[in-house]
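Examination of the molecular architecture
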Amino acid sequence: MRGTPSSLLRPRALRPGDRVAVVAASSPAEQDKLDRGLAAVEGLGLKPDIFGSARDTGSMYDYLAGDDTLRGTDLTRALADPAYAAVFCASGGYGMQRTLERVDWAAIDASAPKVVVGYSDVTALLEAIAVKLGWVSLFGPMPACDGFYEGPGQYDFDTLARLLFAPDTVRQLTFPGFRTVVPGVAEGMTLGGTATLLAASIGTDTSLPARGGILFLEDVDELPFRMDRIITQLRRSSYSEGVAGILLGTFTECGDPDHVRRMLDERLGDLGVPVLAGADIGHGIDMQTYPIGLRARLDATAGTLTFFDPVLRS
């Protein structure tokens, strides 16, 4: 059975003057927020190129940033063009699963990793990048989203910027409000993301199974029974077999928080691996950036995630 490698290829850290691609591979971005987010990107000394999909406000369906060909072509070009040091997804929503059908993976040089940032629906892309290209990527804030477009002084923006430009200073994530579900220490490659997207990718050629890895889970706007069904699907499928440890972030607007907590403890607490809840990563909070594809140590008792190497190369 396919499992996770020990780690993936790390892109280099960003530098002032780097060109970065901004694409919308899911839903349309709110244009006023995007414009403010682009100004924040420029404030870091980066030079953003805004692709057509990021300016499409729903020409096919109101929930998609253009048609599948536009999004797939934009994403392929952004990932393949050596002129770009990074690819920022403008926002999440829905549509990445459709976009992945149109990405030309053969056109992308897997030996030249670049920084890719996004979360929520972008989970599907981060999984695909790990599987198809073998790159480390970042589950982190996006230009048209709260916590980013306000720029410096915002926790989401500042912690991402520090990781992008000074990765040697980010060797451990700490979680002040953590809760130990199952004590212990686990080592493995970081992976995961928004649980709904992980479940939706099972059975495709871009799913990254959790065997031997540290699995991060979070979600938003799911009814309690649907959230239960998603977690149960991750259990019943081969996806979670052999997982080394589990890190739980936010489950925003997923029903009564006490119910969600009890369900997650009951569904994940019997897997025989360390489980840490309450990480400040995900929707609806000031979030840290979670790297995917790095070998790390999860200490569910101390509330820490320690990386064996810097997230990005100097």
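Here we summarise the structure given alongside this text. (Residues numbered from 1 in each chain as written. Predicted model: local features only at pLDDT ≥ 70, side-chain atom pairs only at ≥ 80, totals over all residues. Heavy atoms only, no water.)

Moving on, we get to the overall build of the protein chain. Secondary structure summary: the protein chain contains nine helices and 14 strands in total. Here the C-alpha radius of gyration of the protein chain, 18 Å, is about what a compact globule of 314 residues would show, namely 20 Å. A principal-axis box enclosing the C-alpha atoms of the protein chain has dimensions of 45 × 40 × 40 Å. Out of the 314 residues belonging to the protein chain, those deemed buried represent 57%. When the accessible surface of the protein chain is totalled, it reaches about 11,800 Å², and 48% of it is carbon and sulfur. (Helix = DSSP H or I, 4+ residues; strand = E, 2+ residues; numbered from the N terminus. Rg over C-alpha atoms; globule rule 2.2 N^0.38 Å. Buried < 20%, exposed > 50% of the residue type's maximum accessible area, 1.4 Å probe, protein only. Areas by Shrake-Rupley, 256 points an atom, 1.4 Å probe, with all protein chains shown as cover.)

Further remarks concern helix α1 (residues 31-43). Look at α1: 18 Å from first C-alpha to last across 13 residues, which is about the 18 Å you get at 1.5 Å a residue. All of the buried residues along α1 are K33, L34, G37, L38, A40 and V41. One side of α1 carries all its buried residues, which in axial view fall inside an arc of 160°. Structural note: α1 exposes D32 and G43 on the side pointing more than 90 degrees away from its buried face. Tucked into the core, α1 has its buried residues touching β1 (19-23), β2 (47-50), α2 (52-55) and α6 (155-165). (Expected span 1.5 Å × (residues − 1). Arc of directions from axis to C-beta. Contact = heavy atoms within 4.5 Å.)

Attention now goes to the sheet that holds β2. Sheet architecture is open: six strands sit in the order β2-β1-β3-β4-β5-β12, paired in mixed fashion. The open sheet has two edge strands, β2 and β12 (290-292), and neither has a second partner. Between one strand axis and the next, the sheet turns by 25° as a mean value, whatever way the strands run. The sheet strands contacting α6 are β3 (84-89), β4 (115-118), β5 (137-139) and β12, and the helix crosses β5 at an angle near 170°. (Pairing = 2+ DSSP bridges. Axes fitted to C-alpha atoms, helices over the stretch in contact; angles between N-to-C directions.)

In the Ramachandran plot, S120 falls in the positive-phi region, its phi being about 60° despite a non-glycine side chain. Position of S120 relative to the elements: it lies in the loop between β4 and α5 (123-132). Phi is positive for D221, close to 55°, though the residue is something other than glycine. Checked against the element boundaries, D221 lands in the loop between β9 (213-220) and α8 (224-236).

Summarising the element assignment, H283 is placed in the loop between β11 (275-277) and β12. H283 gets classed as buried once you look at its relative accessible area, which sits at 10%. Discounting chain neighbours no more than four positions away, the residues touching H283 are Y119, S120, T194, E218, D219, V220, T250 and T252.

With that out of the way, let us pick up the sheet that holds strand β14 (residues 304-307). Spatially, the eight strands line up as an open sheet ordered β6-β14-β13-β8-β9-β10-β11-β7, and their pairing is mixed. Each of the sheet's edge strands pairs with one partner strand only, and the pair in question is β6 (172-174) and β7 (179-182). Ignoring strand direction, the axes of neighbouring strands in this sheet form an average angle of 30°. One ladder, built from five bridges, connects strand β8 (residues 185-194) with strand β13 (residues 295-299); its direction is antiparallel. Across the sheet, the residue bridging to G188 is A296, located in β13. In the packing of helix α9 (residues 257-268) onto the sheet, contacts are made with β7, β9, β10 (245-252) and β11, and the angle to β10 comes to roughly 160°.

With that settled, consider the pairing of β1. Most of β1 sits inside the fold, with four of its five residues counted as buried. Handedness of the crossover joining β1 and β2 through α1: right-handed. With five bridges connecting them, β1 and β3 associate as parallel partners. When the sheet's bridge partners are listed, V20 is paired in β3 with A86. (Right-handed = clockwise from strand over helix to strand, strands pointing away.)

Right, let's get into the pattern of salt bridges. Where side chains of opposite charge bring their charged atoms close, a pairing between them can arise. If you walk through the whole model with that rule in mind, you get 15 salt bridges. Close ionic contact of D18 with R12 constitutes a salt bridge, the shortest N to O distance being 2.9 Å. The exposure class of D18 is buried, given its relative accessible area of 10%. Of the charged contacts, one joins E266 and R267 as a salt bridge, the two residues approaching to 3.6 Å between their closest N and O atoms. (Salt bridge = Lys/Arg side-chain N within 4 Å of Asp/Glu carboxyl O.)

Judged by side-chain polarity, M60, Y61, Y63 and Y94 come together as a nonpolar surface patch covering roughly 370 Å² of accessible area. With respect to the secondary-structure elements, M60 resides in the loop between α2 and α3 (68-80). (Patch = residues over 30% accessible without salt bridge, like charges linked within 9 Å, V, L, I, M, F, W, Y side chains within 5 Å.)

Right, let's talk about the pairing of β3 for a bit. Counting buried residues along β3, six of its six residues qualify, which places the element largely inside the surrounding structure. In the sheet, β3 pairs with β4 via three bridges, with the strands oriented parallel. Looking at β4, one finds that A86 is bridged to V115.

We now examine the nonpolar core. Within the largest apolar cluster, 105 residues are counted, with the highest numbers of intra-cluster contacts made by F88, L125, L217, L247, I281 and L305. Setting aside residues no more than four positions away along its own chain, L305 makes contact with R171, Q172, L173, F175, T190, I214, L247, Y290, A296, R297 and L298. (Core = buried A, V, L, I, M, F, W, Y, C linked by side-chain atoms within 4.5 Å.)

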